[in-house]
Number of protein chains: 2
Amino acid sequence: MAARAQPLTDDARRTDPYRSRLDPEPALVDRVDPVVYGKGAPPPGLDRAMVERYERDGFIELEGLLQPAELAALQRELVRLREDTRGIDPDTLICEPGGTQLRSIFAIHEQSALIRRLATDERLVRIAQYLLGDEVYIHQSRLNYKPGFFGKEFYWHSDFETWHTEDGMPRMRALSMSIALTENTGFNGPLMVIPGSHRRYVSCVGETPEDHYKQSLRRQEYGVPDPGSLERLFNEGGGITTFTGAPGKIVLFDCNAMYGSNSNISPLPRSNVFLVFNSVTNRLVAPYAAAKPRPEFIAARRNVTALVPRSGPLCD
Amino acid sequence: MAARAQPLTDDARRTDPYRSRLDPEPALVDRVDPVVYGKGAPPPGLDRAMVERYERDGFIELEGLLQPAELAALQRELVRLREDTRGIDPDTLICEPGGTQLRSIFAIHEQSALIRRLATDERLVRIAQYLLGDEVYIHQSRLNYKPGFFGKEFYWHSDFETWHTEDGMPRMRALSMSIALTENTGFNGPLMVIPGSHRRYVSCVGETPEDHYKQSLRRQEYGVPDPGSLERLFNEGGGITTFTGAPGKIVLFDCNAMYGSNSNISPLPRSNVFLVFNSVTNRLVAPYAAAKPRPEFIAARRNVTALVPRSGPLCD
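Here we summarise the structure given alongside this text.

About the thresholds
- Residue numbering note: each chain is counted from 1, following its sequence as written.
- A letter from A marks each chain and a number from 1 marks each ligand, given out in the order of writing.
- For this predicted model, a pLDDT threshold of at least 70 governs which residues receive local features, and a threshold of 80 or more governs which side-chain atom pairs are given and counted, while totals over whole chains, interfaces and linings are taken from all residues.
- No hydrogens and no water enter the side-chain calculation; it runs on all heavy atoms of the structure.
- Helix and strand definitions follow DSSP, with helices as H or I runs of at least four residues and strands as E runs of at least two, each counted in order from the N terminus.
- Only C-alpha atoms enter the radius of gyration; for comparison, a globular chain is expected to reach 2.2 Å times N to the power 0.38, where N is the number of residues.
- Buried means the residue's accessible area, taken with a 1.4 Å probe over protein chains only, is under 20% of the maximum for its type, while exposed means over 50%, and partly exposed covers the values in between.
- Should any heavy atoms of two residues lie within 4.5 Å, those residues are counted as being in contact.
- All accessible areas in this document rest on Shrake-Rupley with a 1.4 Å probe, and a residue is counted as covered only by the protein chains that are shown.
- Lys and Arg are tallied as positive, Asp and Glu as negative. Neither His nor the chain termini are counted.
- Working definition for charges: the position is that of NZ of Lys, CZ of Arg, CG of Asp or CD of Glu.
- Each copy is superposed on the other by least squares, with the fit set by C-alpha atoms of residues at a pLDDT of at least 70 in both.
- Two parts placed together each lose some accessible area under a 1.4 Å probe, and adding up what both lose gives the buried area.
- We count a salt bridge whenever a side-chain nitrogen from Lys or Arg sits within 4 Å of a carboxyl oxygen from Asp or Glu.
- Think of a polar contact as two N or O atoms within 3.5 Å of one another; within protein, one of them needs to be a possible hydrogen donor and the other a possible acceptor, and neighboring residues in sequence only count if both atoms come from side chains.
- In this analysis, strands are considered paired if DSSP registers two or more bridges between them.
- Orientation is described by lines fitted to C-alpha atoms, with helices fitted over the stretch in contact, and by angles between N-to-C directions that extend from 0 to 180 degrees.
- As used here, the arc is the angular range of directions from the helix axis to the C-beta atoms.
- By convention, a stacked pair of Phe, Tyr or Trp rings (six-membered ring in the case of Trp) has centres within 6.5 Å and planes under 30 degrees apart, an edge-to-face pair has planes over 60 apart, and any other such pair is tilted.
- A ring has a charge above it when a Lys NZ or an Arg CZ is no more than 6 Å from the ring centre and no more than 35 degrees off the ring normal.
- Any cysteine sulfur atom paired with another within 2.5 Å is treated as part of a disulfide.

### Observations concerning the overall build of chain A
Within chain A, the secondary structure is distributed over eight helices and 13 strands. The globule rule puts the C-alpha radius of gyration for 316 residues at 20 Å, and the 18 Å found for chain A is close to it. In terms of principal-axis extent, the alpha carbons of chain A reach across some 55 × 50 × 40 Å. When each of the 316 residues of chain A is scored for burial, the buried share is 60%. Contacts spanning at least 24 positions in sequence make up 86% of the contacts within chain A whose residues lie at least 6 apart. For chain A, the exposed surface amounts to about 12800 Å²; the carbon and sulfur share of it is 50%. With 38 positive and 41 negative side-chain charges, chain A shows a separation of 2 Å between the mean positions of the two kinds.

### Here we look at the relation of the copies chain A and chain B
Once chain A is rotated about the relating axis by 180° and shifted along it by 0.0 Å, it coincides with chain B to within an RMSD of 0.0 Å. Expressed as an axis order, the relation between the two copies is that of a two-fold axis. Closest approach to the rotation axis among the C-alpha atoms of chain A is made by Ser263 of chain A, whose C-alpha sits 2.7 Å away. The fraction of interface residues of chain A whose copies in chain B are also interface residues reaches 100%, indicating that both copies meet through the same surface.

### Details of the interface of chain A and chain B
Residue-level contacts link 25 residues of chain A with 25 residues of chain B. Here chain A meets chain B over a buried area of about 2100 Å², counting both sides, of which 67% is carbon and sulfur. The interface formed by chain A and chain B contains two salt bridges. Measuring nitrogen to oxygen at the nearest pair gives 2.9 Å for the salt bridge that ties Glu153 of chain A to Lys152 of chain B. Our count for the chain A to chain B interface comes out at 13 residue pairs in polar contact (both at pLDDT 80 or more). Contributions of two or more residues to the side of chain A that touches chain B are made by β6 (154-158), α8 (227-237) and β12 (258-261) of chain A. Residue contributions to the side of chain A that touches chain B peak at four residues, all from α8 of chain A.

### Observations concerning the side chain of Ser141 of chain A
Residue and element names in this part refer to chain A. One can find Ser141 in strand β5 (residues 136-144). Of note is the side chain of Ser141, whose polar atom sits 2.9 Å from the backbone nitrogen of Ile108. Apart from residues no more than four positions distant in its own chain, Ser141 is found in contact with Ile105, Phe106, Ala107, Ile108, His109, Phe274 and Leu275.

### Side note on the sheet that holds strand β2 (residues 59-62) of chain B
In a beta sheet, neighbouring strands pair by backbone hydrogen bonds and run either parallel or antiparallel. All names here are of chain B. With respect to topology, seven strands assemble into an open sheet ordered β2-β11-β7-β13-β5-β4-β3, the strand pairing being antiparallel. Looking at strand neighbours, the two that pair on one side only are β2 and β3 (93-95), the edges of this open sheet. The sheet shows a mean angle of 20° between the axes of neighbouring strands, direction not considered. Here seven bridges tie strand β7 (residues 174-180) to strand β13 (residues 272-279), and the two strands are oriented antiparallel to one another.

### So, the side chain of Ser229 of chain A
All names here are of chain A. Inspection of the secondary structure puts Ser229 in helix α8. At a separation of 2.7 Å, a polar atom in the side chain of Ser229 contacts the side chain of Asp226. Excluding residues that lie within four positions of it along the chain, Ser229 makes contacts with Leu28 and Val202.

### What about helix α8 (residues 227-237) of chain B?
All names here are of chain B. Among the residues of α8, Ser229, Leu230, Leu233 and Phe234 are the ones counted as buried. Along the long axis of α8, the arc covered by the buried residues comes to 140°, so they all point the same way. Summarising the contacts, the buried residues of α8 are in contact with β1 (27-30), β6 (154-158), β9 (200-203) and β12 (258-261). Just past α8, the residue Gly238 takes up positive phi, approximately 85°.

### With respect to the environment of Pro42 of chain B
All names here are of chain B. Checked against the element boundaries, Pro42 lands in the loop between β1 and α2 (48-57). Spatially, the C-alpha atoms of Pro42 and Tyr130 are 6.7 Å apart, while their sequence positions differ by 88 residues. With residues near it in sequence (within four places) discarded, Pro42 still touches Asp47, Arg48, Val51 and Tyr130.

### Examining the packing of aromatic side chains
Aromatic ring pairs are described here by two measures, namely the spacing of the ring centres and the angle between the planes. Applying the stated criterion across every chain, the model contains 18 aromatic pairs over all chains. Arranged with centres 6.1 Å apart and planes meeting at 70°, the rings of Phe160 of chain B and Tyr201 of chain B form a pair that is edge-to-face. Within this pair, whereas Phe160 of chain B is found in helix α6 (residues 159-167), its partner Tyr201 of chain B is found in strand β9, the two being separated by 41 residues in sequence. Taking the relative accessible area as the measure of exposure, Phe160 of chain B reaches 0% and is therefore buried. Using a relative accessible area of 1% as the deciding quantity, one classes Tyr201 of chain B as buried. Clustering of aromatic rings is evident, with ring pairs tying together Tyr18, Phe160 and Tyr201 of chain A. Sitting over the ring of Phe274 of chain A, Arg142 of chain A keeps its end group 4.2 Å from the ring centre.

### Observations regarding the sheet that holds strand β2 (residues 59-62) of chain A
Residue and element names in this part refer to chain A. Reading across from one edge, β2-β11-β7-β13-β5-β4-β3 is the order of the seven strands in this open sheet, with antiparallel pairing throughout. Because the sheet does not close on itself, it has two edges, and the strands there are β2 and β3 (93-95). Put simply, the sheet's adjacent strands are angled 20° from each other on average, direction ignored. In this structure, strand β4 (residues 102-106) lies alongside β5, joined through three bridges in antiparallel fashion. The residue bridging Ile105 from the neighbouring strand is Leu143, located in β5. Contacts from helix α2 (residues 48-57) reach β2, β7 (174-180) and β11 (250-254) within the one sheet, and its direction differs from that of β2 by about 140°.

### Here's the deal with the pairing of strand β4 (residues 102-106) of chain B
Residues and elements named next belong to chain B. Burial analysis of β4 places five of its five residues in the buried class, which makes it a mostly covered element. Judged from the three bridges that link them, β3 and β4 form a sheet pairing that is antiparallel. Considered in β4, the bridge of Leu93 is made with Ile105.

### As for the state of the cysteines
For the structure shown, the criterion picks out zero disulfides over all chains. Here Cys204 of chain A stays free of any disulfide, with the sulfur of Cys255 of chain A as its closest cysteine sulfur at 14 Å.

### Regarding the environment of Pro190 of chain B
Residue and element names in this part refer to chain B. Its place among the elements puts Pro190 in the loop between β7 and β8 (191-193). Accessibility expressed as a relative area gives 5% for Pro190, which makes it buried. As for Pro190 and Val29, which are separated by 161 residues in sequence, their C-alpha atoms are 28 Å apart.

### Considering the pattern of salt bridges
A complete count under the given rule lists 38 salt bridges over all chains for this structure. The partner of Arg200 of chain A in a salt bridge is Glu236 of chain A, and the shortest N-O contact between them spans 3.0 Å. Residue Arg200 of chain A is found in strand β9 (residues 200-203), and its partner Glu236 of chain A is found in helix α8; the two are separated by 36 residues along the sequence. A residue is classified by how much of its surface remains accessible, and Glu236 of chain A, at 46% relative accessible area, is partly exposed. The shortest N-O distance in the salt bridge between Asp11 of chain B and Arg14 of chain B comes to 2.5 Å. With a gap of three residues between them, Asp11 of chain B and Arg14 of chain B both fall in helix α1 (residues 10-14), about one helical turn apart.

Written out as structure tokens, the structure reads:
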């Protein structure tokens, strides 16, 4: 079932439209893949205008999808897992740079029954299936704590650039959902996106060092877009959109959207569940620009069966 | 004219209401000094309601004080000084942590004729004189560049805590003016203040190492308020106010206001002129908790003659 990490052929490398980290100069190229793969009427939770906005901007916000009791259960799960990480694989626990405070737990849909249930919920899965025009599975999941006072910034990046070069995701046919569990204000390091940036691709300079992920989950040093390309995306796309709002709000964005967040010195944490849905026909192959693939908890290879959507509330 | 840095007597240390960096535990104490020292009718640019807001919150915003031509001249000066620092004392040039990008030029009112003129402008000086109820001089000045992309955060601090412990400023009778030279958006690391925090004083733990300023201007490690006190100020004071707005806006805040800023990964720089006015009866003595005073360009001791307000436009 799982795609094997066979070495890429020279031909596959040569014809790769999303070449990165192999050249001495950065480049800004056009996306060759669709943004919206689905046809016909969108599923519940989406309408035509939202689909058009997603296609144009690379993101949309969904409100009111989760019931208050469901949100409360997710918030309790957030606290429970921070206070008791005994059942959690230590490799999946990531701390803040230079600190011991918990930043994220990866592969959370495999370690929390509630978040497993969330990841298969038909309200989310039907939307992912529609936009990607295919059956889907979870490529990556995490619970982000982003604690108050000392939350560090996360520099601009396209997730797809990393997933392509380091994990071997062939094409742009994946999307992320960020489900807010705390309030996002202008000052607690909210997610920022450059609208329209998903239609371009920034080819980054620099080779990927071995076991790069051990540092990059804390602080990014390779696969970093150059300031010139960022400035062009910023000027082409009309600036920066900052996502603020109440807990429960869901930001849905394309795998190639350019995003990041500033630091958070406020006392308010900024916590969310982060789920990445990938099309089953876009399963991972060998990395396009790294010696060996990253571990399963960051980039699924084994557990890539199509999700079966579940209906009904998340919890009783 | 200048106050001498005579060693403090034991008695002065014992009766200091703003003791800090000398005890093993942090403390949150009440301010014993007035916030507004002036009596009677406020000067042009201020009204009663603004004075009351300043007293309550510890800050106010002033708009329309500078004419467009004056603002444009200050913006040209900002660019000129970044591009040609030949006339500038190298000690006063501060770079971003871990980088070579210019963050600030200190003692800028002594190195730029235009900013010298701004610092003596009657529109600003009369306001400072009224709020401090006294003649005033410039305790510190700087031009802040806060470049785009890699602008680092500046953690919460009360300037007064540093000026008292490291520079020997006796009491809370100083204020700062930050004059925006670029647009301040929610995402380019704008100034954040905790309203009402100026009425309390956070006594910090830890001794001040010698020549601390060489690091602290880039990254603060001593004189850092504890999270517990910050959380109390945040809850008492009603959260955080973020200053956004167009170039030319002036934020005026009390020396003991708790403020900071998040990082700036956006392409937009956040530049301002920063002027600190101190009452002439509050000139520096010996540091309250440091072996030797910091240099003149950070904390004026020699050049502390009362400013003579100048009328008319900043430039032709």
